[in-house]
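# Survey of secondary and tertiary structure
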Amino acid sequence: MGLYPEIEPYEQGMLDVGDGNSVYWETCGNPRGKPALVLHGGPGSGSSPYFRRFFDPDAYRIVLLDQRGCGRSTPHASAYDTDMSVNTTAHVMADLELLRRHLGIERWLVWGVSWGSALGLRYAQTHPGVVSELVLTGVATGSDPEVALLTRGLGMIFPEAYERFVGGLPVGERGGNLAAAYNRLLESPDPAVRERAARGWTDWETATIPAPPGSVARFEDPVFRMGFARTVTHYFGNGHFMGEGDEAGVVLRDAPALKGIPGTLVQGGLDFGNLLGIVWRLHHAWPGSELVVVDEVGHNAGAPDIAEMLVAATDKYARRR
């Protein structure tokens, strides 16, 4: 079972979501099909035509969007004068609700990758009546321990890259929240400081996450690089704007609230996020969830075996009304 063929949107537009922001959206597949919402990663990666191929276009009405500040949404986070204070998890979830109502959708399956999985989980926990199922991969929950692992803990595995990463910060900023420290540099009025920080951040991401084709090349685009680094550090440095939880984070704390929402978690066995046992703990705290672990694959939704399991999940839920 492979990916579905490439398709093009039958409808697209820009939705005014307030705060001076407009969000790009598109719909593909069957206009009368089962609605499915696609949430990209990052935060700040933007959506991809590739994501359309995880769904049977005859069965699904597939909705993709670029979250605030990235992709084709405006204003872009790469612009220094873009106000990041109105780019938070609460703002993005409100955008999803505005888009759902704009499209006349009552309930939709939510598909998320990486940060998109954390966003999808929190959205389902706080808006349970509008989420029919969840299909998540590269699973994350946006907790502080996950940020600490990705920004500091992996330094034990990648010591040379970590030395360069930390070396990009002022000496007095190297002992605390590294994402917040990088974000302060990315908010500097000096464009040279911002550019060095964006490169330092994306070099670290490149070194630590075995990446699917094309994801490293995109960091060579200075607009993408700046917008991505600024958005990721904005979220990582502020607890993903998830609110207070226990030490494992609010998403794991509230996992029982997902009861009644079927879900499939497709995880690479070599995904570094597994080092904290997050996806295993989520699965066992979420009644009705299914966990599929694909051996010898990392944080990569494009890996053939991962893609096959994701398509199997959307095919299964297509039959569920």
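Residues numbered from 1 in each chain as written. Predicted model: local features only at pLDDT ≥ 70, side-chain atom pairs only at ≥ 80, totals over all residues. Heavy atoms only, no water.

Core analysis: the largest hydrophobic core is formed by 41 residues, its most contacted members being L134 and L282. Element by element, the count of residues in this core is highest for helix α2 (residues 115–126), at 6 residues. L134 has contacts with V110, G120, L121, A124, L258, I261, P262, G263, T264, W286 and Y317, leaving out every residue within four places of it along the chain. In terms of nonpolar packing, the next biggest core, distinct from the first, is built from 29 residues, Y60, L109, W111 and A301 among them. (Core = buried A, V, L, I, M, F, W, Y, C linked by side-chain atoms within 4.5 Å. Buried < 20%, exposed > 50% of the residue type's maximum accessible area, 1.4 Å probe, protein only. Helix = DSSP H or I, 4+ residues; strand = E, 2+ residues; numbered from the N terminus. Contact = heavy atoms within 4.5 Å.)

A few words on the packing of aromatic side chains. Evaluation of the coordinates by the stated rule reveals 17 aromatic pairs. Note on F165 and W201: the rings are 5.6 Å apart at their centroids and 65° apart in plane angle, and the pair reads as edge-to-face. In this pair, F165 is assigned in helix α4 (residues 159–167) and W201 in helix α6 (residues 191–208), connecting sequence segments 36 residues apart. For the pair formed by F165 and W201, the shared burial category is buried. In textbook terms, an aromatic cluster arises when at least three aromatic residues are bridged by ring pairs, as seen for Y50, F51, F54, F55, Y60 and W111. (Phe/Tyr/Trp six-rings, centres within 6.5 Å; stacked < 30°, edge-to-face > 60°.)

Here the structure, examined in full by the defined rule, presents 19 salt bridges. A salt bridge links R101 to E97; the shortest N-O distance between them is 3.9 Å. Of the two residues, R101 and E97 are both situated in helix α1 (residues 89–102); the distance of 4 residues between them amounts to about one turn of the helix. Of the charged contacts, one joins R320 and E133 as a salt bridge, the two residues approaching to 2.7 Å between their closest N and O atoms. One end of the pair, R320, is in the segment after α10 (304–318); the other, E133, is in strand β6 (residues 131–137), and 187 residues separate them in sequence. On the accessibility criterion, R320 (33% relative accessible area) is partly exposed. (Salt bridge = Lys/Arg side-chain N within 4 Å of Asp/Glu carboxyl O.)

Bringing the sheet that holds strand β8 (residues 289–294) into the picture now. Reading across from one edge, β1-β2-β4-β3-β5-β6-β7-β8 is the order of the 8 strands in this open sheet, with mixed pairing throughout. The open sheet has two edge strands with one neighbour each: β1 (11–18) and β8. For this sheet, the mean inter-axis angle between neighbouring strands, taken without regard to orientation, is 20°. Note that strand β7 (residues 263–268) and β8 share 6 bridges and pair parallel. Bridged to V266 within β8 is V292. Sheet strands touched by α1: β1, β2 (21–29), β3 (34–39), β4 (60–65) and β5 (108–113). Its angle to β1, the strand with the most contacts, is close to 130°. (Pairing = 2+ DSSP bridges. Axes fitted to C-alpha atoms, helices over the stretch in contact; angles between N-to-C directions.)

Examined against the element boundaries, Q125 turns out to sit in helix α2. Owing to a relative accessible area of 10%, Q125 belongs among the buried residues under this scheme. There is a polar contact of 2.7 Å between the side chain of Q125 and the side chain of R122. Excluding residues within four positions of it along the chain, Q125 makes contact with V250, V251, D254, A255 and L258. (Polar contact = N/O pair within 3.5 Å; in protein donor to acceptor, adjacent residues only side chain to side chain.)

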